[in-house]
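Chain and residue survey
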Amino acid sequence: MAETVVLKVGMSCQGCVGAVKRVLGKMEGVETFDIDFDQQKVTVKGSVQREAVLQTVSKTGKKTAFWEDAPAPVPAPAEPEAKTTEAVSVA
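Reading the values: the criteria
Residues numbered from 1 in each chain as written. Predicted model: local features only at pLDDT ≥ 70, side-chain atom pairs only at ≥ 80, totals over all residues. Heavy atoms only, no water. Pairing = 2+ DSSP bridges. Helix = DSSP H or I, 4+ residues; strand = E, 2+ residues; numbered from the N terminus. Core = buried A, V, L, I, M, F, W, Y, C linked by side-chain atoms within 4.5 Å. Buried < 20%, exposed > 50% of the residue type's maximum accessible area, 1.4 Å probe, protein only. Contact = heavy atoms within 4.5 Å. Axes fitted to C-alpha atoms, helices over the stretch in contact; angles between N-to-C directions.

This next bit is on the pairing of strand 2 (residues 30–36). For strand 2 and strand 3 (residues 41–46), the ladder comprises six bridges, and the chain directions are antiparallel. Bridging across to strand 3, F33 finds its partner in V44.

Formed by 18 residues in total, the largest nonpolar core has its most connected members in L7, M11, V20, L24, V42 and V53. With residues up to four places along the chain from it excluded, the contact list for M11 reads C16, V17, V20, I35, D36, F37, Q40, K41 and V42.

Let us look at the sheet that holds strand 3. Spatial ordering of the open sheet is given by 2-3-1-4, a layout of four strands whose pairing is antiparallel. Whereas interior strands pair on both sides, the edge strands pair on one side only; in this sheet they are strand 2 and strand 4 (64–66). Within the sheet, the average angular offset between the axes of one strand and its neighbour, ignoring direction, is 25°. Where strand 1 (residues 3–9) lies against strand 3, six bridges are found, and the strand directions are antiparallel. Residue pairing in the sheet places T4 in a bridge with K45 of strand 3. Helix 1 (residues 14–26) rests against strand 1, strand 2 and strand 3 of the sheet, and its axis sits at about 170° to strand 2.

What follows is the structure, encoded as structure tokens:
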């Protein structure tokens, strides 16, 4: 039965992407995989087990977690609204 496993993988360069491609290309049961460098997201489809995919990608030395378990990015604090000030003259 085909399963889809989505991982959050800390990749800082194209060499990291290559390392992930190499291990997934050798993994038994993997039918397809997609690596989204910008989102740090790896999607694997095939006759694979979630834990096995996680362990295989972790062997690259990259920080790896299941996508749903990965901490959500912290939003940047909102910029405070600019306050207008009026000059008040004292007579």
